[in-house]
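Okay, here's what each chain looks like letter by letter:
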Amino acid sequence: MVVLVKILQVVLALSVLILVHEAGHFLWARLFGIRVDKFFLFFDIGGKKIFSTKSPRFLKLFPKAAGLKTEYGIGWLPLGGYCKISGMIDESMDLNHLGSAPEPWEFRAKPAWQRLLVMSGGVLNNFILAFIGFIAILAIWGDTFLANEGNAIYADALAERMGFKTGDMILSYDDYVPDDFSMLQVDLARRDVRCAKVLRDGDTVEVYIDQSLIGEVLNTPGMFSLAVPFVVDTVMDSSPNAGVLLRGDRIVRVDGTEFKYLQDIRPVLERHPGEMVPVTVVRGGEAMEMDLQVDSTGKIGVLTVFPGLEVRHYSVLQAIPAGVKLTFESVGGYLRDLKLVATPSTGAYKSVGSFIAIGQVFPSKWDWYQFLYLLAMLSIMLGVANLLPIPALDGGHIVFCLFEMITGRKPSDKFVTGAQVVGMLLLTLLMLLAFGNDISRLFRL
């Protein structure tokens, strides 16, 4: 059932993203009187189609559809979709039109500025979809995050190698002041940080970042976890220590050894299952000595205080500028991710994934918040990736249009055709890398 829910989310999300993106090309093309030959969700490789408005069965039911210039359909290969614009050299590599003079309704007959808008329409739609998604999220659920201010890190081995220590409060990365604790590790990798300022034992300390370790930062999850003091929130009725511990008690010493954080105390308790353990508890500012009963699982039957999540609430009007800001911040973050991927020394290319990786990020249960958030983020990723100046992508065609607008010279059909082949080869290699990474991760599991 979990697999089916994940598959449903992936298929629905990809279908929305593809339709929205290709609709951007379609609408601008039709606005300028350019004929669109085909508009397909998924690829109809080999002419195989799940659905087509040109199929005999559909035309029998809707005979007027025979007059449509555009064939609408669903292909069988769910790896994308396409909008085939008449008179354009695209991934279909249909070059039959090159031997004749441009028709007025063809892409190649239009001025460069119109072709530029047609090619930019898909990316523009992706950003609009992300913008709408973020507005809906902020207006309905608000912005929930764990504030960085006032919270300390629990450093793993990699963080300690870089110069951080458990208990540090990260104040800034160079000139950037982190707001969200959960993004500390991501920001450290993304922002090319040279110096981190931390609050350590009441003093401000500078930690200089070894850039050769950024690759490990990208591939070592949990580098910064939240350092949580062992402060009692609730004593469970079934606890062997009910009536002994009270809400607000802070355990600072166990079995004669002083500890500051929950992460340090847990393994000590687990070494004494079923035993009485001497502890020091701070209650109302005073230290008290007592013995606590540890159950057979190594627990003392309490729930600890966890730093609360902050929630910012927005009205619909307030959500609009906040959604715009979040969209631009997400675009900037993804651009930094691409920079890391393009830097082999970081090892970020190992994180590139295909549809398998996308499926893994969706939750096992349907959650509209998670679905909308992931849809918005994937829409940004699709939009930014399509802006890359690779000929087979929108970005490559945009570069050709800009070149023509600046120089007044249009690239030859032969050059564009050759560039398209090279671009498709690059995309194929990237797809193989993505699938290879996914398969490698599956085997490591």
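Up top you'll find the structure we're talking about.
Chemist: Any details on a nonpolar patch on the surface? Residues and values, ideally.
Modeler: A surface patch of nonpolar side chains, amounting to about 610 Å² of accessible area, comprises Leu 8, Leu 12, Ile 140, Trp 141, Trp 366 and Trp 368. Mapping Leu 12 onto the fold places it in helix 1 (residues 2-31). Residue classification places Leu 12 among the partly exposed positions, given a relative accessible area of 35%.

Chemist: Tell me about the sheet that holds strand 15 (residues 286-293), and name the residues and values.
Modeler: As summarised here, the arrangement of the four strands in space is 13-12-14-15, forming an open sheet in which the pairing is antiparallel. Lying at the two open borders of the sheet, with one neighbouring strand each, are strand 13 (257-258) and strand 15. Where strand 12 (residues 250-254) lies against strand 14 (residues 276-283), four bridges are found, and the strand directions are antiparallel. When the bridges of strand 14 are listed, Arg 253 appears paired with Thr 280.

Chemist: Summarise the layout of surface pockets; cite the residues concerned and give the values.
Modeler: Space inside the second largest pocket adds up to approximately 260 Å³. Every residue lining the second largest pocket is counted, 14 residues in all, and those nearest its centre are Phe 230, Arg 266, Lys 299, Ile 300 and Val 302. Ranked by residue count, the leading element in the lining of the second largest pocket is helix 7 (residues 262-270), at four residues.

Chemist: Describe the packing of aromatic side chains, listing the residues and the values that go with them.
Modeler: By the definition in use, this model includes 15 aromatic pairs. Seen in terms of ring centroids, Phe 26 and Phe 39 are 5.5 Å apart; in terms of plane orientation they differ by 75°. Their pairing is edge-to-face. Pair noted here: Phe 26 is in helix 1 and Phe 39 is in strand 1 (residues 36-43), with a separation of 13 residues, a long-range link. Like Phe 26, the residue Phe 39 is buried in the burial classification. Among the aromatic residues, ring-to-ring pairing joins Phe 26, Phe 39 and Tyr 72 into one connected group. Geometry around Trp 105 places Arg 35 over its ring, the cationic atom sitting 3.8 Å from the centre. The ring of Phe 40 has Lys 38 sitting right over it, with the charged end atom 4.9 Å from the ring centre.

Chemist: Break down the sheet that holds strand 4 (residues 77-85) for me, citing the residues and quoting the values.
Modeler: Taking strand neighbours across the sheet as the criterion, the four strands line up as 2-3-1-4 in an open arrangement whose pairing is mixed. Across the chains shown, the open sheet's two edge strands, defined by having one partner strand only, are strand 2 (49-52) and strand 4. The sheet shows a mean angle of 15° between the axes of neighbouring strands, direction not considered. The pairing of strand 1 with strand 4 spans six bridges and is antiparallel. Along strand 4, the bridge assignment pairs Lys 38 with Lys 84. Most of the contacts of helix 1 go to strand 1, to which it runs at about 170°, and overall it touches strand 1, strand 3 (71-75) and strand 4.

Chemist: Can you break down the nonpolar core residue by residue, with the values?
Modeler: Phe 164, Leu 188 and Phe 224 are the most contacted members of the largest nonpolar core, which has 44 residues in total. The residues contacting Phe 164, other than those within four sequence positions of it, are Ile 153, Ala 155, Ala 159, Ile 170, Leu 188, Ala 196, Val 198, Arg 200, Val 207, Ile 209, Met 223 and Phe 224. Ranked by size, the runner-up nonpolar core spans 15 residues in total, among them Ala 29, Ile 85, Val 118 and Ile 398.

Cut-offs and rules
- Residues numbered from 1 in each chain as written.
- Predicted model: local features only at pLDDT ≥ 70, side-chain atom pairs only at ≥ 80, totals over all residues.
- Heavy atoms only, no water.
- Patch = residues over 30% accessible without salt bridge, like charges linked within 9 Å, V, L, I, M, F, W, Y side chains within 5 Å.
- Areas by Shrake-Rupley, 256 points an atom, 1.4 Å probe, with all protein chains shown as cover.
- Salt bridge = Lys/Arg side-chain N within 4 Å of Asp/Glu carboxyl O.
- Helix = DSSP H or I, 4+ residues; strand = E, 2+ residues; numbered from the N terminus.
- Buried < 20%, exposed > 50% of the residue type's maximum accessible area, 1.4 Å probe, protein only.
- Pairing = 2+ DSSP bridges.
- 1 Å grid on protein atoms, 1.4 Å probe; cavity = no way out; pocket = protein on both sides within 12 Å on 5 of 7 lines; lining within 4 Å.
- Points joined across faces, edges and corners; volume = space filled by probe spheres on them.
- Phe/Tyr/Trp six-rings, centres within 6.5 Å; stacked < 30°, edge-to-face > 60°.
- Lys NZ or Arg CZ within 6 Å of the ring centre and 35° of its normal.
- Axes fitted to C-alpha atoms, helices over the stretch in contact; angles between N-to-C directions.
- Contact = heavy atoms within 4.5 Å.
- Core = buried A, V, L, I, M, F, W, Y, C linked by side-chain atoms within 4.5 Å.

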